[in-house]
Amino acid sequence: MAFGSSSLIWFRKGLRIHDNPALDYASKGTAALYPVFIIDPHYMKPDYNAFSPGSSRAGLNRIRFLLESLVDLDSNLKKLGSRLLVLKGEPGEVLFRCLKQWDVKKLCFEYDTEPYYQALDVRVKNGGKPPLTYQSFLKLAGEPSWASSPLMTSRSSLPLVGDHGDCEIFEVPTLKELGYEDTEQEDYLTPFRGGESEALKRLRDSLSDKEWVAKFEKPKGDPSAFLKPATTVLSPYLKFGCLSSRYFYQCLKDVQKIVKKHTSPPVSLVGQLLWRDFFYTVAFGTPNFDQMKNSTICKQIPWNDNDELFAAWREGRTGYPWIDAIMVQLHKWGWMHHLARHCVACFLTRGDLFVHWEKGRDVFERLLIDSDWAINNGNWLWLSCSSFFYQYNRIYSPISFGKKYDPNGNYIRYFLPILKDMPREYIYEPWTAPLSIQTKAKCIIGKDYPKPVVLHDSASKECKRRMGEAYALNKKFNGLVSEEELSSLRKRLEEEDDKKNQVQEVKTKKQKTIDDWMSTK
DNA sequence: GCATGGTTGAATTT
DNA sequence: AAATTCAACCATGC
């Protein structure tokens, strides 16, 4: 073995062989190649204090997806005469030790170091100002230079794996070995399997219906479709790099060459890939992108701090079956249709509960198998009308929105089996069902399934009012709202709301007295 | 400074 | 069911 000419590829994301520039570069002109993945116990070990099964950082479904992806990567490496070297420990320390001990001369990992990308960065960065709209992003980004250049999508061999000395090498662990128990219970198992092989299979399946690919229009999918989702579900594979976004992009362009009549960005499938890069660009160029405070793009809004409402949302017991079913799908599958994500995000924040978007963001971040820092934060900013999108009067109805796709409530019946026998006229508003119907459906509202935590009509009105006031405050101070201003607005809004509720209470009391009096007559 | 258009609504009318 | 109206705010770009 050529001494001192070995290289190491550090897999973090980019868990694939096809079109993997870091792998190509690492294996070029080297005698030995160390393909390494480091298991960070902090990321992987069970955390029993978390609100759902999983580690402190990730839900069980995403950990499972990652392990499956690693097993697949290892098997694909083995087909090429190599293997995955799994190490354990704090990644920085472990890597440093290996580099030294193995005398590695070249360390490669997924980061765009090519001059082309650096040049692109400068252009896209637009003089330090990231574009804040999709259209202006498109203009700045233009057509990628690799749009029609061949990619390395297959290879016949890899350099031999170098001697790993006395470093302890592991196989990809199972969930059980990581300390998780009862993981085979069908109930909480995402139907989506991880790995490059699965990604490429899914890509081929999606692309086989060329008409469907060409006509894809994002806002038009059916969020209640779950047996056969209305989108490609390639996002988790893109997230972990099991699928190359460039390869995906080229495949889509190839379809467009065949089917001339096709949709365009932002609604087309290519458009979806570009949304990814739009959010990466803004997120990279915006300080404090993932928070409200000290953000240059986030509206300062006096969200409330109601942990009971937040917990009800998180656990899928708001009393709105459409909302709760979506949250159950999030827990069980780690994936929902994008419009379903919109509904629950809107409901939690500006639509009904007025809870801080950062709290919802954290829940998605943990539970989604495709959670991606920039995209997740970007969408929560969007849906909460904190940035990018500002029409806070447009609120998804937790009753009628789902109904127009799924009037029979099949989606609700599947994810909330307690409601499976509720007649279709009450499935979206079970609290309106007469008690006799509830009894017959074996689901008493308030006992077997919760009453609504808020009344949508009055709650959404109150939310709009608060958003209006908050927007006015942001305008007044040109976005630079101090904490004092914000908390004084919060106080005022809550006091006004309390007063209203008191008036309402008096009214209902009066009405009740009248009713009682009438009934005695 | 001002007109324009914007992936992702709802209510109402036809 | 599809079309129309409503109401609305911002980044962009001239």
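Keep in mind the model is a prediction, meaning the values are calculated, not measured.

**Some details on the overall build of chain A**
Here is step 1 of the chain: Tallying secondary structure elements over chain A gives 21 helices and four strands in all.
Here is step 2 of the chain: A compact globule built from 521 residues would reach a C-alpha radius of gyration of about 24 Å, and chain A, at 26 Å, matches this within 12%.
Here is step 3 of the chain: Counting only C-alpha atoms and orienting by the principal axes, one finds that chain A spans roughly 105 × 55 × 50 Å.
Here is step 4 of the chain: Taken across its 521 residues, chain A has 52% of its residues classed as buried.
Here is step 5 of the chain: Restricting the contact set of chain A to residue pairs at least 6 apart, pairs at least 24 apart contribute 76%.
Here is step 6 of the chain: Carbon and sulfur atoms make up 54% of the accessible area of chain A, which amounts to about 25800 Å² in all.
Here is step 7 of the chain: A gap of 5 Å separates the mean positions of the 74 positive and 65 negative side-chain charges of chain A.

**Quick word on the pattern of salt bridges**
Here is step 1 of the chain: Here the structure, examined in full by the defined rule, presents 25 salt bridges.
Here is step 2 of the chain: Measuring nitrogen to oxygen at the nearest pair gives 3.3 Å for the salt bridge that ties K359 to D305. One end of the pair, K359, is in helix 15 (residues 357-367); the other, D305, is in the loop between helix 11 (269-285) and helix 12 (307-314), and 54 residues separate them in sequence.
Here is step 3 of the chain: Between D362 and R361 there is a salt bridge; the shortest N-O distance is 2.8 Å.
Here is step 4 of the chain: Its relative accessible area of 44% is what places D362 among the partly exposed residues.

**As for the protein's contact with DNA strand B**
Here is step 1 of the chain: Around DNA strand B there are 16 residues in total, and W275, W382, I395, Y396 and S397 lie nearest to it.
Here is step 2 of the chain: Within 4 Å of the protein, the contacting atoms of DNA strand B are drawn from sugar and phosphate to the extent of 44%.
Here is step 3 of the chain: Within the contact set of DNA strand B, a base nitrogen lies 3.4 Å away from a side-chain nitrogen or oxygen of H342.
Here is step 4 of the chain: Backbone polar atom of Y396 to a phosphate oxygen of DNA strand B: 3.2 Å apart, as the coordinates give it.
Here is step 5 of the chain: When grouped by side-chain class, the residues that make up the surface near DNA strand B number eight nonpolar, six polar and two charged.

**Focus: helix 6 (residues 134-141)**
Here is step 1 of the chain: Residues Y134, F137 and A141 constitute the buried set of helix 6. Each buried residue of helix 6 sits inside an arc of 55 degrees when the element is viewed along its axis, so together they form one side.
Here is step 2 of the chain: G142, located one to two residues past helix 6, shows a positive phi value of around 65 degrees.

**Comments concerning the UniProt feature "site: Electron transfer via tryptophanyl radical" (unreviewed entry) in chain A**
Here is step 1 of the chain: In this structure's numbering, the residues bearing the UniProt feature "site: Electron transfer via tryptophanyl radical" (unreviewed entry) are W303, W357 and W380. In sequence the annotated residues extend across 78 residues, while in space they remain close, none of their C-alpha pairs exceeding 13.7 Å.
Here is step 2 of the chain: Position of W303 relative to the elements: it lies in the loop between helix 11 and helix 12.
Here is step 3 of the chain: Residues within four places of W303 in sequence aside, it is in contact with M292, T349, R350, F354, V355, H356, W357, S384, S386, M467 and R490.
Here is step 4 of the chain: With respect to the helices, strands and loops of the structure, W357 is situated in helix 15.
Here is step 5 of the chain: Assessed through its relative accessible area of 0%, W357 is described here as buried.
Here is step 6 of the chain: Beyond its immediate stretch of four places on either side in the chain, W357 contacts F289, D290, Q291, M292, C298, W303, T349, N377, W380, L381, S384 and S386.

**With respect to the sheet that holds strand 3 (residues 85-88)**
Here is step 1 of the chain: The strand order across the open sheet built from four strands is 3-2-1-4, with neighbouring strands paired in parallel fashion. The open sheet has two free edges, formed respectively by strand 3 and strand 4 (104-108), since each of these has just one partner strand. The average undirected angle you get between the axes of adjacent strands in this sheet is 30 degrees.
Here is step 2 of the chain: The pairing of strand 1 (residues 6-11) with strand 2 (residues 33-39) spans five bridges and is parallel. The partner of L8 across the bridge, within strand 2, is Y34.
Here is step 3 of the chain: Helix-sheet contacts for helix 4 (residues 91-101) involve strand 1, strand 2, strand 3 and strand 4, and the interaxial angle to strand 1 is about 165 degrees.

**A closer look at the protein's contact with DNA strand C**
Here is step 1 of the chain: Around DNA strand C, the structure places 13 residues, and the nearest of them are L132, K139, Y390, Y392 and N393.
Here is step 2 of the chain: Counting only the atoms of DNA strand C within 4 Å of the protein, the fraction contributed by sugar and phosphate is 82%.
Here is step 3 of the chain: Between Q391 and DNA strand C, the recorded distance is 3.4 Å, taken from a side-chain N or O atom to a base nitrogen.
Here is step 4 of the chain: Broken down by secondary-structure element, the contributors of at least two residues to the surface near DNA strand C are helix 6 and helix 20 (456-476).
Here is step 5 of the chain: A per-class count over the surface near DNA strand C returns five nonpolar, four polar and four charged.

**Quick notes on the domain arrangement of chain A**
Here is step 1 of the chain: One can read the domain layout of chain A as domain 1 (1-127), domain 2 (199-285) and domain 3 (307-481).
Here is step 2 of the chain: For domain 1 versus domain 2, the distance between C-alpha centres works out to 25 Å.
Here is step 3 of the chain: Interface area for domain 1 against domain 2, summed over the two sides, is near 1200 Å², with a carbon-plus-sulfur share of 62%.
Here is step 4 of the chain: It is H18, D19 and F65 that lose the most area in domain 1 upon contact with domain 2, and together they represent 40% of the buried surface on that side.
Here is step 5 of the chain: Taken together, the connections running from domain 1 to domain 2 amount to one salt bridge.
Here is step 6 of the chain: On inspection of domain 1 and its partner domain 2, the count reaches seven residue pairs in polar contact (both at pLDDT 80 or more).
Here is step 7 of the chain: Of all the elements in the fold, those that place two or more residues in the side of domain 1 that touches domain 2 are helix 3 (60-79) and helix 5 (115-125).
Here is step 8 of the chain: Ranked by residue count, the leading element in the side of domain 1 that touches domain 2 is helix 3, at four residues.
Here is step 9 of the chain: For the side of domain 1 that touches domain 2, the residue count by class is six nonpolar, three polar and five charged.

Quick notes on the rules
- In this convention, every chain numbers its residues from 1, walking through the sequence in written order.
- Working convention: letters from A go to chains and numbers from 1 go to ligands, in the order in which they are written.
- Predicted model: local features are reported for residues with pLDDT of at least 70 only, side-chain atom pairs are reported and counted for 80 or more only, and whole-chain, interface and lining totals are derived from all residues.
- Remark: hydrogens and water are excluded; side-chain values derive from all non-hydrogen atoms of the structure.
- Helix and strand assignments follow DSSP, with helices taken as H or I runs no shorter than four residues and strands as E runs no shorter than two, numbered in order from the N terminus.
- Each radius of gyration is computed over the set of C-alpha atoms, and the globule rule expresses the reference value as 2.2 Å times the number of residues to the power 0.38.
- Accessibility here uses a 1.4 Å probe with only protein chains present; expressed as a share of the type maximum, an area under 20% marks a residue as buried, one over 50% as exposed, and anything in between as partly exposed.
- Contacts are assigned to residue pairs that have any heavy atoms within 4.5 Å of one another.
- Residue-level accessible areas treat just the shown protein chains as cover; the underlying method is Shrake-Rupley with a 1.4 Å probe.
- Charged-residue counts in this description rest on Lys and Arg as positive and Asp and Glu as negative, His and the chain ends being excluded.
- Note on charges: their place is set at NZ of Lys, CZ of Arg, CG of Asp or CD of Glu.
- Any carboxyl oxygen of Asp or Glu within 4 Å of a side-chain nitrogen of Lys or Arg constitutes a salt bridge here.
- Note on definitions. A residue lies near a molecule or strand when any single heavy atom of the residue is within 4 Å of it.
- In the analysis that follows, any N or O atom pair within 3.5 Å is treated as a polar contact, provided that within protein one partner can donate a hydrogen and the other can accept it, and provided that, for residues neighboring in sequence, both atoms belong to side chains.
- Side-chain classes are defined by residue name, with Ala, Val, Leu, Ile, Met, Phe, Trp, Tyr, Cys and Pro counting as nonpolar, Asp, Glu, Lys and Arg as charged, and the others, Gly among them, as polar.
- It is the directions from the helix axis to the C-beta atoms whose arc is reported.
- UniProt positions are given in the numbering used here, feature names are shortened, and annotations may be inferred rather than shown by experiment.
- For two strands to be treated as a pair, DSSP must find no fewer than two bridges joining them.
- To obtain an axis, a line is fitted to C-alpha atoms, over the contacting stretch when the element is a helix, and the angle between two such axes runs from 0 to 180 degrees between their N-to-C directions.
- Segmentation of the chain into domains, including their bounds, is taken from an automatic or database domain assignment.
- What gets called buried area is simply the loss in accessible area from a 1.4 Å probe that two parts show on being joined, summed for both.

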